[in-house]
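Architecture and fold: a report
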Amino acid sequence: MRGTALCHSLCRETKKGALIDRRSLSIPLRGRALCEAWAEYCLQFLSGTSPIFWQIYFTCRISERQLTERSVVFLAIYHCSVKIIGRSKGKSVIAAAAYRAGERLCDRETGITHDFTRKGGVMHQEILLPGHAPKEYADRQTLWESVTKAEKKSNAQLAREVEVALPTEFSEELQLAVIREYAQGNFVSEGMCADIAIHDKGNGNPHAHILLTTRPIKADGSWGAKEKKDYARDENGERIPLIDKKTGMQKLGKRNEKLWKRITVQANDWNDQGNVEKWRKSWADICNRYLSMEKQIDHRSYKRQGLALEPTIHEGYRARQMEQRGEASDRCEYNRIVKQLNQVTKEWYCTMKALHQMIMQKVRDMIGRIYGRAARGTGYSGKAGRDSG
């Protein structure tokens, strides 16, 4: 189909007016508006089956080989999870630190020594400290033993863990650089101590664990309070009296002093629920600075991205151990099926994206040719003087 016939077909499809002629080409704004309307209409093939799709498809002469070469794109893996290590669940932060760093640490609170020196796959481990933290906290045993002593409650939050998947596209040096940048920019700069460990067993799943302290460090190097009590105040900033339900009067203390409502105020915003979203986005942004455009990652779920992909489920180490023994795991099998289906869907999306880019380029080239011919005083057939009467 030649450019003129395509213009006619586009004009009929969009119902923007009669067939294009030289008079419309002589008015730049009108001609450009029509061309832009046609270009926008080309996008309809992504969400439906417009007849125009096939006309443009064959006009652009896109071969199956071209599409295949552009469609097979494997995106980098994104994973970033945040969880709390606390006493309420019977967890030991000393054990957690020893396992992640592959070291031997003693939990003096329980008297148990956790020895993970034979653990394989620990590629790197280090502790990043804020500027006002005591230098001795660079020692793992000293840091987490001090944390354990500072936490008195049976349900105390001992540490926060952030686990991220490291892109396999990165070298070991770049993996270390991005995890340092991420920890320094999001946690250490806020006053947290960050215990970093990078794991890679050579199975295509390099990842990093970041153990973070949950209690601020004061200027003198001692541990600060996580929260404090303050007076509850109304919209005018006035203290709210504590009312006795029986008398309707303000309660009095043992010394007849007036009692006021009090609330618990966090010493910082580390426990803000919005931080998880911010930290997840930050990891994606940092990685994307070093990833090619076709392998960019996104911290949002498939649903939030508007993608018709199925999420995988958590397998757990028991399921993976079953697979290693040669036994079938329902959870692993489910994930394999989901990944295969998602790969087909991703390839289809990439094919449509490549097709869209090629079509839009062809449309832009066609617009340029039409304006070039109009400027030279020729018709849209390219022959000067045609339809000039």
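Residues numbered from 1 in each chain as written. Predicted model: local features only at pLDDT ≥ 70, side-chain atom pairs only at ≥ 80, totals over all residues. Heavy atoms only, no water.

**Points about the overall build of the protein**
Quick reminder of the rule: Only DSSP runs of H or I covering at least 4 residues are called helices, and only runs of E covering at least 2 are called strands; the numbering of each starts at the N terminus. Buried, partly exposed and exposed residues are distinguished by accessible area as a fraction of the type maximum, computed with a 1.4 Å probe on protein chains only: under 20%, between the cut-offs, and over 50%, respectively. Areas reported here follow the Shrake-Rupley algorithm with a probe of radius 1.4 Å; residue values treat only the protein chains shown as occluding.
Regarding its fold elements, the protein presents twelve helices and nine strands. The burial tally for the protein puts 37% of its 389 residues in the buried class. Here the protein has roughly 23900 Å² of accessible surface; of this, 51% comes from carbon and sulfur atoms.

**Here we look at the packing of helix α8 (residues 172-186) against helix α9 (residues 274-288)**
The criterion, for reference: Lines fitted to C-alpha atoms define the axes, with helix axes restricted to the stretch in contact, and inter-axis angles between N-to-C directions lie between 0 and 180 degrees. Note on convention: the crossing is left-handed when the near helix lies turned anticlockwise from the far helix by less than a right angle, right-handed when the turn is clockwise. Contact definition: two residues touch when any of their heavy atoms are within 4.5 Å. When residues are sorted by character, Ala, Val, Leu, Ile, Met, Phe, Trp, Tyr, Cys and Pro go into the nonpolar class, Asp, Glu, Lys and Arg into the charged class, and all the rest, Gly among them, into the polar class.
At a minimum axis distance of 10 Å, the contact between α8 and α9 shows a crossing angle of 145°. With respect to the hand of their crossing, α8 and α9 are arranged in right-handed fashion. Facing α8, whose interface residues are V178, I179, E181, Y182 and N186, α9 presents W279, S282, W283 and I286. Looking at the contact of α8 with α9, its residues break down into six nonpolar, two polar and one charged.

**Things to note about the packing of helix α6 (residues 93-101) against helix α7 (residues 140-150)**
Formally: Roughly parallel covers angles under 35 degrees, roughly antiparallel covers those over 145, roughly perpendicular covers 65 to 115, and oblique covers all other angles.
α7 packs onto α6 with a crossing angle of 155° between their chain directions and a minimal axis gap of 9 Å. For the element pair α6 / α7, the angle class is roughly antiparallel. Considering how the two elements wind past one another, α6 and α7 form a crossing that is right-handed. On the side of α6, the interface is formed by V93, I94, A97 and A101, while α7 contributes R140, W144, E145 and T148. Residues of the contact of α6 with α7, tallied by class, amount to five nonpolar, one polar and two charged.

**Examining the nonpolar core**
In globular proteins that are soluble, nonpolar side chains generally tend to be buried together. To keep it simple, the criterion reads: Take the buried residues of types Ala, Val, Leu, Ile, Met, Phe, Trp, Tyr and Cys, join any two whose side-chain atoms come within 4.5 Å, and each joined set is a nonpolar core.
Grouped together as the largest cluster of nonpolar side chains are 29 residues, with contacts concentrated most on V162, V164, I179, Y182, F187, I210 and W283. Of all the secondary-structure elements, those providing two or more residues to this core are β5 (157-165), α8, β6 (194-199), β7 (207-213) and α9. In this structure F187 touches V162, Y182, M192, I210, L212 and W279, once residues within four positions along its chain are discounted. Core analysis: the second largest hydrophobic core is formed by 20 residues, Y137, A156, C193 and W223 among them.

**Concerning the environment of H199**
With respect to the helices and strands, H199 occurs in strand β6. Not counting residues up to four positions away in its chain, the partners in contact with H199 are Y99, R100, K119, G121, V122, M123, N205, P206, H207 and H209.

**With respect to the pattern of salt bridges**
Heads up, the rule is: We count a salt bridge whenever a side-chain nitrogen from Lys or Arg sits within 4 Å of a carboxyl oxygen from Asp or Glu.
All chains considered together, the criterion is met by 19 salt bridges. A salt bridge links E277 to R304, with the shortest nitrogen-to-oxygen separation between them at 3.0 Å. Of this pair, E277 sits in helix α9 while R304 is found in helix α10 (residues 302-305), placing the two residues 27 residues apart along the sequence. Looking at E277, the relative accessible area reads 33%, which means it is partly exposed. By relative accessible area, which is 48% here, R304 ends up partly exposed. Among the salt bridges present, the one from E327 reaches R325, with a minimum N-O distance of 3.3 Å.

**Quick word on the sheet that holds β7**
Worth spelling out the cut-off: Only strands joined by at least two bridges in the DSSP assignment are considered to pair.
Reading across the sheet, the five strands line up as β1-β5-β7-β6-β4 and stay open at both edges, with antiparallel pairing between neighbours. Pairing within the sheet leaves two strands with one partner each, and these edge strands are β1 (80-86) and β4 (122-128). Looking at each pair of strands side by side, their axes are set apart by 15° on average, direction ignored. With seven bridges joining them, β1 and β5 adopt antiparallel strand pairing. Following the sheet pairing, C80 is matched in β5 by V164. Contacting β1, β4, β5, β6 and β7, α6 runs over the sheet at an angle of about 40° to β6.

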